[in-house]
Amino acid sequence: MTTEPPIAIEINCETGVETVRPLTAEEITQRELDIARAEAERAEKDARDALELAERTALATWIAGHPDLPEAARNALARATGVTLPGGTG
């Protein structure tokens, strides 16, 4: 399988002339760094989102497990933290 090098397409806005050229070694390196950075940022975001979901789930479970709390307090805690309690309160 032959792989073509990545290309750059440049268009001269004044003339409309399109130039197609292979990326330079520096452009390829920068492109790979940008891809790696984006993947790392996405992984960090996914980890933060998973942690937030786990925390919200734990809090909802804790609130739901304390029927001794007044309903107004349960609802206020749920609203303030953005959790949804069983039965749709939150």
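Structure: see above.
Here, residues in each chain are numbered from 1, in the same order as that chain's written sequence. Totals for whole chains, interfaces and linings use every residue, but because this is a predicted model, local features are given only for residues with pLDDT of at least 70 and side-chain atom pairs only at 80 or more, for both listing and counting. Side-chain descriptors were evaluated using all non-hydrogen atoms of the structure, hydrogens and water having been removed beforehand.

Undergrad: I keep staring at the nonpolar core and nothing clicks. Help me out?
TA: Looking at soluble globular proteins, one finds that nonpolar side chains tend to be buried together. Residues grouped as a nonpolar core are buried Ala, Val, Leu, Ile, Met, Phe, Trp, Tyr and Cys residues, joined through side-chain atoms within 4.5 Å. Burial classes: relative accessible area under 20% of the type maximum marks a residue as buried, over 50% as exposed, and values in between as partly exposed (1.4 Å probe, protein chains only). Formed by Ala60, Ile63, Ala78, Val83 and Leu85, the largest nonpolar core amounts to five residues. Residues in contact with Ile63, not counting those within four places in the same chain, are Arg74, Leu77, Ala78, Val83 and Leu85. The contact definition used throughout considers only heavy atoms, calling two residues in contact when any of these lie within 4.5 Å.

Undergrad: Looking at this structure, how should I read the pattern of salt bridges?
TA: It is possible for side chains of opposite charge to pair when their charged atoms get near one another. A carboxyl oxygen of Asp or Glu within 4 Å of a side-chain nitrogen of Lys or Arg is what we treat as a salt bridge. Enumeration according to the criterion identifies six salt bridges in this entry. Residue Arg21 is joined to Glu27 by a salt bridge in which the shortest nitrogen-to-oxygen separation is 2.8 Å. Judged by its relative accessible area of 23%, Arg21 is partly exposed. Of the charged contacts in the structure, one is a salt bridge between Lys45 and Asp49, with a shortest N-O distance of 2.6 Å. Of this pair, Lys45 and Asp49 both sit in helix α1 (residues 25-64), separated by four residues, roughly a single helical turn. You can call Lys45 partly exposed: its relative accessible area is 35%. The exposure class assigned to Asp49 is partly exposed, which follows from its relative accessible area of 36%. Through salt bridges with shared partners, a single network forms among Glu10, Arg21 and Glu27. Strands are runs of DSSP state E lasting at least two residues, helices are runs of H or I lasting at least four, and both sets are numbered from the N terminus onward.

Undergrad: Looking at this model, I keep getting lost on the pairing of strand β1 (residues 7-11). Mind explaining?
TA: Remark: a regular strand shows side chains that alternate across the two faces of the sheet. For two strands to count as paired, DSSP must find a minimum of two bridges between them. In this sheet, strand β2 (residues 18-22) lies alongside β1 in antiparallel orientation, the contact comprising five bridges. Each residue of the ladder has a partner; that of Ile7, found in β2, is Pro22. Here β1 folds back onto β2 in antiparallel fashion, the turn holding six residues, of which Gly16 has a positive phi close to 80°.

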